[in-house]
Amino acid sequence: MKRFEYKWVVAVTFVLGLFMEIMDTTIVNVAIPTLRRDFNASTAGIEWIVLGYLLALAVFIPASGWIGDRIGTKKTFLFALFTFTTASALCGQASGLGELIAFRILQGVGGGMLTPVGTAMLYRAFPPAERARASTILIVPTVLAPALGPVIGGAIVDNLSWRWMFYVNLPIGIAGFIFGLVFLKEHREPQAGRFDLPGFALSGAGLAGILYALSQAPEHGWTSTSVLVTGLGGLALMALLVKIETTVAEPMLALRLYKDRIFRNGNFVNSLTYGSFMGFLFLLPQMLQGSFGISAMRTGLTTLPQAMGVIIMSQVAGRLYHTIGPRRLVTFGLTGAGTFTLAFVMLDPGASLWWVRLLMLLRGCFIAFAFVPLQASTYSNIGPRDTGRASAIFSTQRQSSAALGVAILATIFISRSRHSSAATPADAVMHGYHSAFVVAGLLAYLAAITAFLIIKDADAAATMRPRPKTTA
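Everything numeric in this text was worked out from a predicted model, so none of it was measured. (Residues numbered from 1 in each chain as written. Predicted model: local features only at pLDDT ≥ 70, side-chain atom pairs only at ≥ 80, totals over all residues. Heavy atoms only, no water.)

Peer 1: What am I meant to see in the packing of helix H6 (residues 131-159) against helix H14 (residues 353-378) here?
Peer 2: Packed helices, taken two at a time, are described by their axes: the angle between them and the distance between them. One can describe the packing of H6 onto H14 by two numbers: an axis separation of 8 Å at closest approach and a directional angle of 125 degrees. As summarised for this structure, H6 and H14 are arranged oblique, according to the angle between their axes. In this structure, H6 crosses over H14, and the sense of that crossing is right-handed. The segment H6 lies against H14, with Arg 131, Ala 132, Ser 135, Thr 136, Leu 138, Ile 139 and Val 143 engaging Phe 371, Val 372, Gln 375 and Ala 376. Looking at the contact of H6 with H14 residue by residue, the classes come out as 7 nonpolar, 3 polar and 1 charged. (Axes fitted to C-alpha atoms, helices over the stretch in contact; angles between N-to-C directions. Helix = DSSP H or I, 4+ residues; strand = E, 2+ residues; numbered from the N terminus. Parallel < 35°, antiparallel > 145°, perpendicular 65-115°, else oblique. Left-handed = near helix turned anticlockwise from the far one by under 90°. Contact = heavy atoms within 4.5 Å. Nonpolar A, V, L, I, M, F, W, Y, C, P; charged D, E, K, R; others polar.)

Peer 1: What is the right way to look at the layout of surface pockets in this model?
Peer 2: If you roll a probe as big as a water molecule over the atoms, it shows you where there is empty space left. Counted as a void, the second largest pocket has a volume near 590 Å³. In terms of lining residues, the second largest pocket is bounded by 24 residues, among which Ser 271, Thr 396, Gln 397, Ser 400 and Ser 401 are the most central. Secondary-structure elements contributing two or more residues to the lining of the second largest pocket are helix H9 (197-220), helix H10 (225-245), helix H11 (261-290) and helix H15 (387-418). Ranked by residues supplied to the lining of the second largest pocket, first place goes to H15 with 8 residues. (1 Å grid on protein atoms, 1.4 Å probe; cavity = no way out; pocket = protein on both sides within 12 Å on 5 of 7 lines; lining within 4 Å. Points joined across faces, edges and corners; volume = space filled by probe spheres on them.)

Peer 1: I keep staring at empty space enclosed by the protein and nothing clicks. Help me out?
Peer 2: Summed over the entire model, instances satisfying the criterion amount to 5 cavities of 30 Å³ or more. Approximately 80 Å³ is the volume found for the largest cavity. In terms of lining residues, the largest cavity is bounded by Ser 135, Leu 138, Ile 139, Thr 142, Asn 270, Tyr 274, Phe 371, Leu 374, Gln 375, Phe 394 and Arg 398. Elements supplying a minimum of two residues to the lining of the largest cavity: H6, H11, H14 and H15. Per-class residue counts for the lining of the largest cavity are 6 nonpolar, 4 polar and 1 charged.

Peer 1: Teacher, can you tell me more about the nonpolar core here?
Peer 2: Soluble, globular proteins show a tendency: their nonpolar side chains are buried together. Ranked by size, the top nonpolar core spans 105 residues in total, and within it Leu 35, Ile 49, Phe 77, Leu 100, Leu 122 and Met 165 carry the most contacts. Among the elements that take part in this core, helix H1 (residues 6-39) stands out by supplying 15 residues, more than any other. What Met 165 contacts, discounting residues up to four positions off in sequence, is Asp 24, Ile 27, Val 28, Ala 31, Leu 35 and Ile 156. Core analysis: the next-biggest nonpolar cluster, separate from the first, contains 23 residues, Leu 284, Val 356, Phe 413 and Ala 440 among them. (Core = buried A, V, L, I, M, F, W, Y, C linked by side-chain atoms within 4.5 Å. Buried < 20%, exposed > 50% of the residue type's maximum accessible area, 1.4 Å probe, protein only.)

Okay, here's the thing in structure tokens:
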């Protein structure tokens, strides 16, 4: 009798790698002020610690599906994990800003392949009837790591050297690498095709241009030269990519997968959902640390209940998925998430942090009913041959949506706080936050309406079949 099925081997390895990669991003964001001071760097220079990593992700996320199919998912995932862990060690010993930026770019090479390749392995290991179960596994690192990042980052910044925010990755990365090396099985797709150089170049350069523009737009303005050149240039390259990739037999990005209605519609709703989720999660910690005046560590502890709510209710959502279906679950979850996002408009610096924590817990409970069915249903009709390419598209679209959501809400915050008629500067800043939270809530409502209109339970029938009972 097998007590530890292979699908759980994949789940453990993937969760370790994904948790490390996501947590590292949030820890680094917390430590940016410390790094600026220690390196005596300008704002323009220090932002490349984040931008360098982001642009490396943009190059390797779209290509990750083909790389895994061609070279093998085990080799690719372990290479990504080794690269990210090694780069973390190098970041920790960096003696100058230039070195740190270079090693962060190397981290991005590994990070860009971890999520798509790991997702492909997970969905190949779990059959369609268990995709909802696999989605509840994906939820854990996706929501827990961003919540724990500020807590751990705050503790490191307050009590240790900033170098430990990179060294903390080493035990997780080493454990995941050894476990995966011993237990993972290799998988290749014989029809992966040859390397698609135009697809690789256009997708990497186009997505990098778009993400760079989105990262710069809130502060420098959407009509600034750098934003217009990189943003419009990126969009032009992506348009050319679509034209070329639809004529290639085995393209880098299998855009033909968008012909499947549930894959296309699920990705669209997920884009609205993730944009609202990440935009809100970007601004809330800034409000708590700036306007409320609490530490990074207390901020992390205040936002942590959202992750707890998602993890707890994802188990319920996973069980209900097979009988209720994705359409009603997603609509219900996003409606509730939008409502509790709008509740943050009532907050001011005098509000109790326990009230904030309660709102975060309830918001997380509802978000679970959107994340789990969206993740499961989107891959409903994707066969093993296309799973790698599908996960690359899904990850590319999600990364872009997160950047767009952050850019939109940050722009609204900056604009409203600078042009507010409030009596004091502090009130103007709060007015900016409240305006951004209104938009985040409306985005969630828009996603709920869209899900109700375009997601069809019949399209996800393969994943709604009851899970086969396992014998003891």
